[in-house]
Amino acid sequence: MTARKIRVLIAKPGLDGHDRGAKVVARALRDAGMEVIYTGLRQTPEMIVEAALQEDVDVVGLSILSGAHGDLVPRVLHLLREKGLEKVSVFVGGIIPEADIPGLQAAGVAGVFGPGTPTTDVAAAIRRTQGEGDAG
Amino acid sequence: MATLIERVAAGDRRALAVLISRLEREDPEALEILSQLHRRTGRAMVVGITGAPGTGKSTLTAALGALLRKGAAGRDPQRVGILAVDPTSPFTGGAILGDRIRMRDLAGDEGVFIRSMASRGALGGLSRATDSAVRALDAAGFDAILVETVGVGQAETDISRQAQTVVVVVTPGLGDDIQALKAGILEIADILVINKADLPGADSAAGSLRAMLDLGGGAENDWRPPILKTVGTTGEGVERLAQEVFRHREHLLRSGEGERRERERAQADLERRLSGRLLARWRAAAGRDVAEMARKVVARECSPEEAVEKLLG
């Protein structure tokens, strides 16, 4: 039996067309030894959750710069639960006002990363949700 | 375990996804499940799509998948499974799997299942678990399984052992570079596709490929790979590709070539499994120190040939 690989889906829901941040994170997580499924721009919550199901990922990372996180994130969380994927950890990155973070966390988001977060922090946070230490 | 078998056989997508992950890490229970599912496999049409990086394999795979799903070449709509393999970084063990970007038009269709796989160190253009994943999709009732390889050069020909029909994708402008392909992946092509055929040079690429096939002269089992032109982004030529895929499938059935290939493949697979098991059994029984012998070979105290004789003696 070979070692388990952490599989992460990086998705950009909604209409904003800037995926530089998402790509930087995807690359950093690859460099941290994870398998990153990158789905590209303008994904609906339905598409994201269906991809998470088919790819059997451990983590979904949502990159949102449009300000629509208040609608998109709860919808993704709801659909994940509906499909029996409640064990999947959801992280949100992008432009999220400080005041909105507690609400997202209460809804079940495992972490929120604003601009300038060191990518090593993102990888470490993901590892912690997967029951792995920061090492490696 | 019984429930996972039943759920996969019933086409449950979540069960299938979980089974593939467990097969990727060679979980013994998952391998046992696959073994139990074997009798339900053998129905699917398995098509490999391979070619150099940047030739548009993902877009073409998505376009072909969408067409088969709708019902192409006068056939019933097919349930379509897609396995897309991308390379694992040899330095970090991580991978970016980006093939879904080109497959977004297939989203939201229950009759399509797309799975990205990292090569995880395998060098032949696939991953070690690709074969198992094909069998899992087959058992789950997918009619057509499209396997897109890593972007390959000349030597990554594992797909020819996994797929019934191999589509090799090239692009115009390769010019003399096609020469370099002749001893490599061109030889495994059942169908040759010049994708991005709206770019200049498509006709001369077709000419080079035709000349290459003439040189090959093979025409064994009277199948000459057709040379097709497609534009994956617009779907141009993809209907013809679907027709040729079905025509090749019929050829395999009619000529007996399909059965011959499958038996050959099964035998190679059995021998590979046997050699693994026999080695493990020999190790356990003989208690010989292969590592120590390797040291002697490196220290030039004996040759590898002598070492094997000593180990078996």
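Rules and cut-offs
- Residues numbered from 1 in each chain as written.
- Chains lettered and ligands numbered in written order.
- Predicted model: local features only at pLDDT ≥ 70, side-chain atom pairs only at ≥ 80, totals over all residues.
- Heavy atoms only, no water.
- Domains from an automatic or database assignment.
- Phe/Tyr/Trp six-rings, centres within 6.5 Å; stacked < 30°, edge-to-face > 60°.
- Helix = DSSP H or I, 4+ residues; strand = E, 2+ residues; numbered from the N terminus.
- Buried < 20%, exposed > 50% of the residue type's maximum accessible area, 1.4 Å probe, protein only.
- Axes fitted to C-alpha atoms, helices over the stretch in contact; angles between N-to-C directions.
- Parallel < 35°, antiparallel > 145°, perpendicular 65-115°, else oblique.
- Left-handed = near helix turned anticlockwise from the far one by under 90°.
- Contact = heavy atoms within 4.5 Å.
- Pairing = 2+ DSSP bridges.

Chemist: Can you explain the domain arrangement of chain B? Please cite residues and give values.
Modeler: When its domains are assigned, chain B resolves into domain 1 (40-255) and domain 2 (266-312). Relative to domain 2 of chain B, the C-alpha centre of domain 1 of chain B lies at a distance of 37 Å.

Chemist: So what about the packing of aromatic side chains? Which residues, and what values?
Modeler: Throughout the structure, instances matching the rule amount to 2 aromatic pairs over all chains. A centroid spacing of 5.6 Å and a plane angle of 10° characterise the contact between F91(A) and F113(A), whose relative ring orientation is stacked. Taken together, the residues F91(A) in strand β4 (residues 89-94) and F113(A) in strand β5 (residues 111-113) connect sequence positions 22 residues apart. Accessibility classification places F91(A) together with F113(A) in one group, the buried group. Residues F113(B) and F142(B) carry aromatic rings whose centres are separated by 6.2 Å and whose planes lie at 55° to one another, so their mutual orientation is tilted. Linking F113(B) in strand β4 (residues 112-118) with F142(B) in the loop between α5 (130-139) and β5 (144-148), this pair joins segments that are 29 residues apart in sequence.

Chemist: How would you sum up the packing of helix α2 (residues 45-55) of chain A against helix α3 (residues 69-82) of chain A? Please name residues and give values.
Modeler: The packing of two helices is summarised by the inter-axis angle and the distance between the axes. All names here are of chain A. Across the interface, α2 lies against α3 with an axial gap of 9 Å and an inter-helix angle of 40°. Here α2 is positioned oblique relative to α3, judged by the angle of their axes. As for the relative orientation of α2 and α3, their crossing is right-handed in sense. Facing α2, whose interface residues are P45, E46, V49 and A52, α3 presents L72, R75, V76, L79 and L80.

Chemist: Got a sec to walk through the sheet that holds β4(B)? Specific residues and values, please.
Modeler: All names here are of chain B. Reading across the sheet, the 7 strands line up as β4-β2-β5-β1-β6-β7-β8 and stay open at both edges, with parallel pairing between neighbours. Of all strands in the sheet, those with a lone pairing partner are β4 and β8 (227-229), marking the two edges. Across the sheet, the mean angle separating the axes of adjacent strands is 20° when strand polarity is ignored. Relative to β8, strand β7 (residues 191-194) runs parallel, the two sharing 3 bridges. Its bridge partner being in β8, I194 is matched across the sheet by K229. Helix α4 (residues 57-70) rests against β1 (45-51), β2 (80-86), β4, β5, β6 (165-170) and β7 of the sheet, and its axis sits at about 175° to β5.

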